[in-house]
Amino acid sequence: MDLPPYSPGLHKLVTLHVDEISKLTNSAGFVAVTHSILEKYELEKVGAVVHDFENQSFTISFCLKESHICIHTWPEYNQLTLDVYLCNYLQDNSDKVRAVMADYVAYFEAVIIKDFEINR
């Protein structure tokens, strides 16, 4: 079977510096902004896991029909890591991945420390 070339999707990973510690300790705020982003970009949540640590940092994973969004925060270092991956099954979602990440950077009012893009 001859199939056209296929790129499974864009995986974007960033490390951000965030001055406002409260955004690094407010898991409910991240969940709320993520729900807004999912609606804005018409992404479908399959499930989510939220874990708040004793030091008020958090880790959250959103499983999406299109793939996933994951975050881990380190308020003691004013940093977070964020991972957005959307599959290209029905369309090229590369621009959408970049837009989703830009919305998160804006939400956190963050400075990008590291920025990686992996074409799967």
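Predicted, not measured: the structure shown is a model, and the values here were computed from it.

(A) View of the sheet that holds strand 6 (residues 111-119). With respect to topology, 6 strands assemble into an open sheet ordered 2-3-4-5-1-6, the strand pairing being antiparallel. Looking at strand neighbours, the two that pair on one side only are strand 2 (45-52) and strand 6, the edges of this open sheet. For this sheet the average axis-to-axis angle between neighbouring strands, irrespective of direction, equals 10 degrees. Relative to strand 3 (residues 58-64), strand 2 is paired through 7 bridges, and the arrangement is antiparallel. Note that in strand 3 the partner of histidine 51 across the bridge is threonine 59. Packing of helix 2 (residues 27-40) onto the sheet brings it into contact with strand 2, strand 3, strand 4 (67-74) and strand 5 (79-87), and relative to strand 3 it is tilted by some 20 degrees. Docked against the sheet, helix 3 (residues 94-108) engages strand 1 (9-17), strand 4, strand 5 and strand 6, running at close to 155 degrees with respect to strand 5.

(B) The nonpolar core, seen in detail. Counting 29 residues, the largest nonpolar core has Phe30, Ile69, Leu82 and Tyr104 as the members making the most contacts within it. Put simply, the parts of the chain that give this core at least two residues each are strand 1, helix 2, strand 3, strand 4, strand 5 and helix 3. Considering every element that reaches this core, the biggest residue donor is helix 3, with 6 residues. The contact partners of phenylalanine 30, leaving out residues within four places of it in the chain, are Phe58, Ile60, Phe62, Ile69, Ile71, Leu82, Tyr104, Tyr107 and Phe108.

(C) Structural view of helix 2. In a regular helix each residue adds 1.5 Å, so 14 residues correspond to 20 Å; helix 2 covers 20 Å between its end C-alpha atoms and thus fits that length. Listing the buried residues of helix 2 in full gives Ser27, Gly29, Phe30, Val31, Val33, Thr34, Ile37 and Leu38. Tucked into the core, helix 2 has its buried residues touching helix 1 (21-25), strand 2, strand 3, strand 4, strand 5 and helix 3. Between a side-chain oxygen at the N-terminus of helix 2 and the backbone nitrogen of alanine 28 the separation is 3.3 Å; the capping residue is asparagine 26. Positive backbone phi, at 55 degrees, marks glutamate 42, one or two positions downstream of helix 2.

(D) Quick look at the packing of aromatic side chains. Considering all chains together, one arrives at 4 aromatic pairs under this definition. Seen in terms of ring centroids, phenylalanine 30 and phenylalanine 58 are 6.1 Å apart; in terms of plane orientation they differ by 40 degrees. Their pairing is tilted. Linking phenylalanine 30 in helix 2 with phenylalanine 58 in strand 3, this pair joins segments that are 28 residues apart in sequence. As far as burial versus exposure is concerned, phenylalanine 30 and phenylalanine 58 are alike and both buried. By way of ring pairs, the aromatic residues Phe30, Phe58, Tyr104, Tyr107 and Phe108 are connected into one cluster. Here the guanidinium or amino end of lysine 23 rests over the ring plane of tyrosine 107, the centre of that ring lying 4.8 Å away. The residue whose ring lies beneath arginine 120 is tyrosine 85, and the NZ or CZ to ring-centre distance is 5.8 Å.

Here is what the cut-offs are and how they apply
- Residues numbered from 1 in each chain as written.
- Predicted model: local features only at pLDDT ≥ 70, side-chain atom pairs only at ≥ 80, totals over all residues.
- Heavy atoms only, no water.
- Pairing = 2+ DSSP bridges.
- Helix = DSSP H or I, 4+ residues; strand = E, 2+ residues; numbered from the N terminus.
- Axes fitted to C-alpha atoms, helices over the stretch in contact; angles between N-to-C directions.
- Contact = heavy atoms within 4.5 Å.
- Core = buried A, V, L, I, M, F, W, Y, C linked by side-chain atoms within 4.5 Å.
- Buried < 20%, exposed > 50% of the residue type's maximum accessible area, 1.4 Å probe, protein only.
- Expected span 1.5 Å × (residues − 1).
- Polar contact = N/O pair within 3.5 Å; in protein donor to acceptor, adjacent residues only side chain to side chain.
- Phe/Tyr/Trp six-rings, centres within 6.5 Å; stacked < 30°, edge-to-face > 60°.
- Lys NZ or Arg CZ within 6 Å of the ring centre and 35° of its normal.

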